[in-house]
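# Structure at a glance
Next come the chains, spelled out residue by residue.
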Amino acid sequence: MNSILSDRIIQMEESATLAMAKKARELKAQGKDIISLSLGEPDFKTPKHIQEAAKAAIDEGKYFAYSPVAGYQDLREAIAKKLREENHISQAKAENIVVSTGAKHSIANVFMCIINEGDEVVIFSPYWVSYAEIIKLAGGVPVLIEGNLENNFKATAAQLEAALTDRTKAVIYSSPCNPTGSVFSKEELEAIAEVVKKRENLFVIADEIYELINFKGKNTSIASFPGMFDRTITVNGFSKGYAMTGWRVGYICAPLFIAKACEKMQGQFTSGNTGIAQRAALAAISGEQGPSKEMEKAYLRRRDLVLGLIKEIPGIKTHIPEGAFYFFPDISDFFGKSADGHTIKTADDFCLYILEKANVSLVTGEAFGAPNCIRLSYAASDEELVEALKRIKEALALLN
């Protein structure tokens with residue numbers, strides 16, 4: 001039956017994070033005590049005032065109709081206001097905002113609108129698993145520039161400049177980064193901006209979805225630098241900082257011609273985002289920010305907890321994440337080791353061994369462009385994290 005399927009879907013890789021989460025759910029359904037540290041999903045409930053806004057919208061009864069393709073005007077205005085006041089993107093207006101069904105959808109819209117066959121997109125690696133596949137789906141060619149453990153996994157402006165060719169159309173990075181938790185400093189982003197401004201028609205996609213989970217303080221938006229608003233598509237959303245993953249609300253702020261193109265693309269694929277979710281998003285961005293700050297404090301506490309536990313495991317090397325809720329340790333010291341018929345040759349093997357031996361699900365770094373690493377999410381309770389790291393330590397002690 002594969003002859004019926006398109007080449008694009010056959011060639012597309014499955015999302016590694018979703019695949020591991022699916023496998024963990026299947027094992028749980030079989031009665032196994034699985035601790036899942038694979039998905040980037042907050043374990044907190046959506047704050048009460050956001051829930052109440054959605055309930056009120058249902059009771060009001062006027063948000064069941066199709067919403068405007070780019071999102072409700074008041075939500076777009078609130079997002080633009082937030083970007084001007086908090087991110088210092090002074091040129092942001094409602095007309096620059098397109099609300100979509102999650103930040104992943106926003107990124108897909110952008111690449112489908114700007115990429116022609118053979119165009120290159122430079123990806124700061126390690127990178128979120130879907131970047132490369134979306135770029136390839138749009139006909140583009142991913143070009144990776146790699147950061148390593150020694151420099152907190154942050155590729156540099158010099159690496160970016162060296163990677164540019166006549167076919168380079170765009171650059172994409174995330175900060176705070178999924179999967180590493182690293183955060184680009186203002187100085188590092190300024191250097192990247194200077195490289196971009198040297199090249200005509202080169203755009204930056206700045207993925208800031210983890211903006212509200214930043215242990216270094218305020219996040220810096222590259223679109224706020226002089227000359228960069230017209231060269232930047234800022235991607236953000238509500239899933240991480242407001243614990244709204246399942247609500248599926250993301251957005252871009254982009255130069256008007258790109259925003260209009262994304263609105264046109266979205267109009268043919270999904271139309272406007274769910275009205276009820278948009279009312280919840282409006283309450284999130286306009287209302288009380290205290291719950292988000294409390295969640296950030298909890299993530300910082302968990303980071304420090306997990307850091308201490310990882311340091312007790314011989315053979316695992318890690319940096320200290322500065323944001324988001326992931327560790328991205330190097331586990332290559334275990335390559336070539338065996339136990340109970342399992343031989344670890346790759347990060348994939350490592351994750352399967354830990355899943356089967358310790359009942360803990362992780363994600364291979366291979367999917368993020370770093371084959372010597374694994375991603376561990378600490379968006380879980382303290383009790384689960386302590387138990388998971390205990391199991392991992394015991395399972396790794398069996399290897400020789």
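Summary of the structure given here. (Residues numbered from 1 in each chain as written. Predicted model: local features only at pLDDT ≥ 70, side-chain atom pairs only at ≥ 80, totals over all residues. Heavy atoms only, no water.)

### Re the sheet that holds strand S9 (residues 326-327)
As summarised here, the arrangement of the three strands in space is S9-S14-S13, forming an open sheet in which the pairing is antiparallel. Only two strands of the sheet have a single neighbouring strand rather than two, namely S9 and strand S13 (363-364). As defined by bridge partners, S9 adjoins strand S14 (residues 374-377) across two bridges and the pair is classed as antiparallel. Considered in S14, the bridge of Tyr 326 is made with Ser 377. (Pairing = 2+ DSSP bridges. Helix = DSSP H or I, 4+ residues; strand = E, 2+ residues; numbered from the N terminus.)

### Some remarks on the packing of aromatic side chains
Summed over the entire model, instances satisfying the criterion amount to 17 aromatic pairs. Between Tyr 63 and Tyr 72, the ring centres sit 5.5 Å apart and the planes meet at 85°, which makes this aromatic pair edge-to-face. For Tyr 72, a relative accessible area of 14% gives the class buried. Ring centres 5.6 Å apart and planes at 85° place the aromatic pair Phe 124 and Phe 184 in the edge-to-face group. Of this pair, Phe 124 sits in strand S3 (residues 120-125) while Phe 184 is found in the loop between strand S5 (168-174) and helix H8 (186-197), placing the two residues 60 residues apart along the sequence. The buried category is assigned to Phe 124, whose relative accessible area is 5%. Members of the aromatic cluster, each reached through a chain of ring pairs, are Phe 44, Tyr 210, Tyr 299, Phe 325 and Tyr 326. It is Arg 279 that lies over the ring of Tyr 72; its NZ or CZ is 5.3 Å from the centre. (Phe/Tyr/Trp six-rings, centres within 6.5 Å; stacked < 30°, edge-to-face > 60°. Buried < 20%, exposed > 50% of the residue type's maximum accessible area, 1.4 Å probe, protein only. Lys NZ or Arg CZ within 6 Å of the ring centre and 35° of its normal.)

### With respect to helix H6 (residues 130-137)
Count 3.6 residues to each turn of an α-helix, and residues three or four apart come out pointing the same way. Summarising burial for H6: six of the eight residues are buried, a large majority. Considered for burial, the residues of H6 that qualify are Ser 130, Tyr 131, Ala 132, Glu 133, Ile 134 and Ile 135. Among the structural elements, helix H1 (7-11), helix H5 (103-114), S3, strand S4 (141-146), S5 and strand S6 (203-207) are those in contact with the buried residues of H6. Within two residues after H6, Gly 139 carries a phi angle of roughly 95°, on the positive side. (Contact = heavy atoms within 4.5 Å.)

### Some points on the pattern of salt bridges
Evaluation of the coordinates by the stated rule reveals 24 salt bridges. Between Glu 387 and Arg 391 there is a salt bridge; the shortest N-O distance is 3.0 Å. Within this pair, Glu 387 and its partner Arg 391 are both found in helix H13 (residues 382-397), separated by four residues, close to a single helical turn. The class for Glu 387 is partly exposed, based on a relative accessible area of 29%. (Salt bridge = Lys/Arg side-chain N within 4 Å of Asp/Glu carboxyl O.)

### Points about the sheet that holds S5
Read across the open sheet, the seven strands follow the order S2-S8-S7-S6-S5-S3-S4; overall the sheet is mixed. The sheet is open, and its two borders are formed by strand S2 (97-100) and S4, each paired with just one other strand. On average, adjacent strands in this sheet sit at an angle of 20° to one another, irrespective of strand direction. Bridge count for S3 against S5 is four bridges, and the pairing is parallel. Paired with Glu 120 across the strands is Thr 168, a residue of S5. Against the sheet, helix H4 (residues 73-86) touches S2, strand S7 (232-237) and strand S8 (250-253), its axis set at about 120° to S2. (Axes fitted to C-alpha atoms, helices over the stretch in contact; angles between N-to-C directions.)

### Points about the nonpolar core
Ranked by internal contacts, the top residues of the largest apolar core, which has 85 residues, are Phe 111, Ile 354 and Leu 362. Ignoring sequence-local partners within four residues, the contact set of Ile 354 consists of Asn 359, Val 360, Leu 362, Ile 392, Ala 395 and Leu 396. Formed by 29 residues, the second largest nonpolar core is a distinct cluster that contains Ile 89, Ala 223, Ala 284 and Ile 285. (Core = buried A, V, L, I, M, F, W, Y, C linked by side-chain atoms within 4.5 Å.)

### Structural notes on the side chain of Asn 219
The topology assignment puts Asn 219 in the loop between S6 and S7. A polar contact of 3.2 Å, which involves the side chain of Asn 219, links it to the side chain of Asn 214. Apart from the residues within four sequence positions on either side, Asn 219 is in contact with Ser 175, Pro 176, Val 183, Glu 208, Glu 211 and Asn 214. (Polar contact = N/O pair within 3.5 Å; in protein donor to acceptor, adjacent residues only side chain to side chain.)

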